[in-house]
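Analysis of the macromolecular model
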Amino acid sequence: MPGTLITVAPTGAEVEKDAVPALPVTLDELVATAMACQQAGAAVIHVHIRDDAAKPTLDVGRLVDTVQALRGATDLIVQLSTGGAVTDSFERRLAVLDAVPDACSLTCGTVNFGTEVFLNPWGFMKDLYAKTKALGVVPEFELFDFGHIAALHRLLAELGEPAGGHVHCDLVMGVPGGMPGDCATLVQAAAALPPGATWSATGIGRSSLPVLFGALAAGGHLRVGMEDTITFARGRPVASNAELVERAAAAAELAQRPALSPAVARTMLGVPDHC
Ligand code: KMH
Ligand code: ZN
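Cut-offs applied
- Residues numbered from 1 in each chain as written.
- Chains lettered and ligands numbered in written order.
- Predicted model: local features only at pLDDT ≥ 70, side-chain atom pairs only at ≥ 80, totals over all residues.
- Heavy atoms only, no water.
- Axes fitted to C-alpha atoms, helices over the stretch in contact; angles between N-to-C directions.
- Helix = DSSP H or I, 4+ residues; strand = E, 2+ residues; numbered from the N terminus.
- Left-handed = near helix turned anticlockwise from the far one by under 90°.
- Contact = heavy atoms within 4.5 Å.
- Nonpolar A, V, L, I, M, F, W, Y, C, P; charged D, E, K, R; others polar.
- Pairing = 2+ DSSP bridges.
- Donors = N, O, S within 2.8 Å, 3.2 Å for Na, K, Ca; no water.
- Buried < 20%, exposed > 50% of the residue type's maximum accessible area, 1.4 Å probe, protein only.
- Arc of directions from axis to C-beta.

Quick look at the packing of helix α7 (residues 208-217) against helix α8 (residues 241-254) now. Orientation of α7 relative to α8, taken along the N-to-C sense of each, is 35 degrees, at an axis distance of 10 Å. As for how α7 packs across α8, the hand of that crossing is right-handed. Judged by residue contacts, Leu209, Leu212, Phe213 and Leu216 of α7 engage Arg247, Ala248, Ala251 and Ala252 from α8. Here the contact of α7 with α8 is built from residues that sort into seven nonpolar, no polar and one charged.

Structure below.
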C-alpha cells in the first residue's frame, strides 16, 4: 500500500451555514476550498451543494455547473453525492448522475441516521448502480454498517463489476445508528470487503481521529472534511476543510504512506481523465 488517497467532504447536507460560517456553501467558496484542499493533499472531493439560501439541493443545473467549475480549477476527482439529504426523493438522487461527474457515492443499505432514516432499499441501489455503469461514472460504495457490506457483495454478484473495473469503498463510521467508529470494528469491516477492493474510512464527529489512525494502520485510505466533523480538537471548531486535509496528509506522511496525487488516484480508482 504505497500511498494514501485523501478524500475531502467539505460541505455535506446536515451542517447549517448559520451555525458554522466556515462551511463552504456557494460555488465560489466550494471552488476555493477545493483548490486549497488539493494543495494540502486531497485527490478526491465528495460534493454536496447548497441553494441560494444555503440549503441542500440536488438541482441538476447547479450540479453541472459545479462539476465544470471544479474540473476547471482543480485536478481533483469530482465525486457527487447521490445520498443528498435524508429528505431527497429517489428520483432526484438518481438524477444526480445526469451531471455526469467522475465519480459518485452509492450507499449500500438503509441506516438509522441520528433521529432520521437514510433510505437505500435494494431496488434503489440496483437502479443507481445500473445507471453508474451505463454512464461510466465510478461509484464509491458507502458502507455504514455490516449489512451494507453483505449488500455490496450481492450487488457485485448480480450486476457485475463497476465502471472503471475497480471496487473502492468508504467505511462511514460513528453515525448514530450505524457501526461504531473504533479500531476493532474498522479491522473487522475491512476484512469483510470484496477481495481486491480498496477502502477509505470516515469517522463522524469525535470518532474522526481514532478512525483516521486506525485506517492508516490497517492499510486503508482517508476521508476527512466538515461534512463529517466540525470540531478540530476539544473546544476548537474546524477553521477550514484544508486544515483537516493538512492534518490527514501529515499523519499519512508519518505513516510513510504519503498523500496520492489526483493523477495516481485516477489510475487506482479507474477514473478516466476528463482534462
Ligand atoms: N447526507 C446523508 C443523508 C452520501 O453523500 O452519499 C447521506 C450522505 C451520503 O451524505
Ligand atoms: Zn455525503
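A word on the sheet that holds strand β12 (residues 221-224). In spatial order, the strands read β1-β2-β5-β6-β9-β10-β11-β12; together these eight strands close into a barrel with parallel pairing. Ignoring strand direction, the axes of neighbouring strands in this sheet form an average angle of 30 degrees. With four bridges joining them, strand β9 (residues 138-143) and strand β10 (residues 168-173) adopt parallel strand pairing. Bridged to Glu142 within β10 is Asp170. Across the sheet, α7 is in contact with β10, β11 (198-203) and β12; its angle to β11 comes to roughly 160 degrees. In the packing of helix α9 (residues 262-269) onto the sheet, contacts are made with β2 (44-47), β5 (77-80), β9, β10, β11 and β12, and the angle to β5 comes to roughly 55 degrees.

Residue placement: Thr132 occurs in helix α4 (residues 122-135). When sequence neighbours within four positions are dropped, the list of residues in contact with Thr132 reads Leu97, Cys104, Val137, Pro139 and Ala163.

What follows concerns the coordination of the zinc ion (ligand 2). Distances from the zinc ion (ligand 2) to its protein donors, His46 (NE2), His48 (NE2) and Glu227 (OE), fall at 2.1 Å. Each donor residue of the zinc ion (ligand 2) belongs to the same chain, with the gaps between them written as H-x1-H-x178-E. Here the residue His46 occupies a position in strand β2, and Glu227 occupies one in the loop between β12 and β13 (231-233), the gap between them amounting to 181 residues.

Attention now goes to α9. Listing the buried residues of α9 in full gives Pro262, Ala265, Arg266 and Leu269. For α9, the arc enclosing every buried residue in end-on projection is 105 degrees, short of the 170-degree limit, so these residues lie on one face. Along α9, the residues that are exposed and aim more than 90 degrees away from the buried face are Ala263 and Thr267. Tucked inside the fold, the buried residues of α9 contact α1 (27-40), β2, β5, β9, β10 and β11. Following α9 by one or two positions, Gly270 has its phi on the positive side, about 75 degrees.

Read these as spatial facts, not as claims about activity.
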